[in-house]
Every structure is written in C-alpha cells, then in structure tokens.
Amino acid sequence: MATDQQVETARGASPFIADCSLKDVKLPNGITLRVAVMGQGKPLVLLHGHPQNHLAWRKIAPALSQHYTVVMPDLRGYGDSDKPPGDADHRCYSKKVMAQDVAQLMDALGYDRFAFVGHDRGGRVGHRLALDYPDRVERCVFLDIAPTATMYSQTDKAFATRYFWWFFLIQPEPLPEKMIGNDPAFFLQKHIEGQLKTPGATEPEIFADYLRCYRDPAMIHAVCEDYRASATIDLADDAADSDQRIRCPLLLLWGEKGTVGQLYDVVATWQEKALCVSGEALPCGHSPQEEVPENVLATLLPFLAEDEE
C-alpha cells in the first residue's frame, strides 16, 4: 500500500460499512478519488454506477472482504471524488480517462493485477479498462449493462422511453443541470424508484448519502458530462478499437425485471466484445448488488475463485 501522505490521506472509518476505511488518493493525473478499502487478499475493484457512490457495494463488500482486498472508489465526478469541469469534447469524463483513474489508483495502492466488478457506469468504465489494460485485469464482472454502442445503435421507442435520461442528460449545458438542480431529491428518488424493482433495497440513510452528493451542482454537471461523453467521445473510442476484444473471462449478471434484461440478449451483445463470456439473469431490477446481494455473491464468488483453484 502507498504510505506517502501527499498521495494518500486517511479519512477514517466508513459510517455505513463496518471494518471499512476511507481514504483520499491523489493520482498522477491530478484527480483525487475517495476510496473505501476493506479486507485482505488479492485485490478486487468494485466500481459503482449512476446515481450512486461506493455505498452501492455495502451489502456484498463485507462477504467479499473475507477473501479479497476490496477497493471501492467513487468515480470521478461522483460521491466525494474530485469533480473537474467538463471540456468541449467531454474527454474529461470519457470512459477511457475514467479507466485511467482506476489503473492509476491501483498503482498508488501497490497493486499490479486485480479483478474487477462494475455496475452501470462502472461497468462501462470496466469495458474500457479491460481493453486498455489487458495485462492488469484478471477477471471482469459487469452488472446490468449491454455495451454502450449496442444500446445506442439499437435505440427504439421502448428503450428511449425507459432510459429517457440517456437522451436528456446529453443535452447541451446548462439545460439538464438547471432542471435537475431545481429539485435534485425529486429527480434522484424517481430515478432510483424507476430502476430498482425491489422495495426497500435502498435504505433511507443510504438514499440520504446519495442525495447529499447529488445536491452538489458540480456532481450534477459531472453526471451530465459522463453521459455526454458516452454519446460522443466514448463511441468514437469504441469505433476506433472495434477490432479489440476483452481477453479476460467476463461474467454478466443482470436483472430480469429491468430494461437491460427485457430488451436485450445480454450475453449475445457481449459476445461481440469479449472472448470468454458467461452470464445469468437475477430476480431483480437494475441494481442486483443492492436488491439481491445473496444471489450476486452466490455467482460472483465462484467466478472470482476460478483462477485460484
């Protein structure tokens, strides 16, 4: 682990996840990420999606920490990580740059190779991470996503209606920022209620922390930039590397009650992007790790342990 206080600053224990420490890690690219770390063993990165932060992993991280050193960053722009302003071509929030954040974070923590689990936006960062750093990512798990380019190319009324924010958030600044900023609590609540299909999966205190972060205008802007990047520079990066494939084993888990599971043959979409793909549907909506954590662990732990047998 890095000990240079100019690189890594301890922030104390997590108030929500027992035996989990918080730290801020400054990366060589200038970004500081808030990171939650727990457990011991081989490193495992868990990367959340929108609109959450690292607390999205609260229900499975303790069990995983019995076998792994679990590293849970807040994405740049999210949670308590830095929220740089966007740039004209949205490169600052491209998945390529966010993947670099993860690679530099693991360098700073002293880990060369690691396994990766990503949900939603975190999975899209993981896709780029596996392509750009193939010698570092040992195994990948993506939760409830089909490839970004596939979802955009196959857009129809059903998808545009269910995932309207894919088209709302990409509108030019400051339209979505001002509209969300007028009532962040309403937008966040409706978003989570619409995506998750398991009542009570997001506890009031966890929602309150998500909202604490979401009230920050800088995070609202970062979220919009994240989605603007997905609709522009990320597609260009994907097209430029269309002949590349994820080389490590890839496990897909998705909610059978959610949009991705109902509109796509999830495994088939990723067989176009990866060499070794497996997956299964779970009885939930968009956030399996929050809705059915036991089901996720039952599949995830054996998959992660395959290389250790």
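The rules behind each value
Residues numbered from 1 in each chain as written. Predicted model: local features only at pLDDT ≥ 70, side-chain atom pairs only at ≥ 80, totals over all residues. Heavy atoms only, no water. Salt bridge = Lys/Arg side-chain N within 4 Å of Asp/Glu carboxyl O. Helix = DSSP H or I, 4+ residues; strand = E, 2+ residues; numbered from the N terminus. Buried < 20%, exposed > 50% of the residue type's maximum accessible area, 1.4 Å probe, protein only. 1 Å grid on protein atoms, 1.4 Å probe; cavity = no way out; pocket = protein on both sides within 12 Å on 5 of 7 lines; lining within 4 Å. Points joined across faces, edges and corners; volume = space filled by probe spheres on them. Nonpolar A, V, L, I, M, F, W, Y, C, P; charged D, E, K, R; others polar.

Engineer: So what exactly am I meant to see when it comes to the pattern of salt bridges here?
Structural biologist: Pairing of side chains with opposite charge becomes possible as their charged atoms draw close. Applying the stated criterion to the full structure yields 25 salt bridges. Of the charged contacts, one joins K95 and D234 as a salt bridge, the two residues approaching to 2.7 Å between their closest N and O atoms. Taken as a pair, K95 in helix α2 (residues 95–109) and D234 in helix α11 (residues 233–240) lie far apart in primary sequence, 139 residues in all. The pair K95 / D234 is uniform in exposure class, with both members buried. The salt bridge partner of D209 is R212, with a shortest N-O separation of 2.9 Å. Here D209 and its partner R212 are both found in helix α9 (residues 204–214), three residues apart, which amounts to about one turn of the helix. Judged by its relative accessible area of 10%, D209 is buried. R212 gets classed as partly exposed once you look at its relative accessible area, which sits at 43%. What emerges from the salt-bridge pattern is a single network uniting R11, D24, R34, D80, D209 and R212.

Engineer: Even after reading the chapter, I still don't get the environment of V267, so can you show me in this structure?
Structural biologist: Position of V267 relative to the elements: it lies in helix α13 (residues 266–271). The exposure class assigned to V267 is buried, which follows from its relative accessible area of 18%. In this structure the C-alpha to C-alpha distance between V267 and A236, which are 31 residues apart in sequence, comes to 23 Å.

Engineer: Hey, could you run me through empty space enclosed by the protein in this one?
Structural biologist: Where empty space is left in the structure can be found by rolling a water-sized probe over the atoms. One pass over the full model with this rule turns up four cavities of 30 Å³ or more. Its boundaries defined by the atoms lining it, the largest cavity holds a volume of some 110 Å³. In this structure, the largest cavity is lined by K95, K96, R124, H127, R128, P147, T148, D234, D238 and W270. Listing elements by their share of the lining of the largest cavity, those giving two or more residues are α2, α3 (121–132) and α11. Per-element tally for the lining of the largest cavity: the top contributor is α3, with three residues. For the lining of the largest cavity, the per-class residue count stands at two nonpolar, two polar and six charged.

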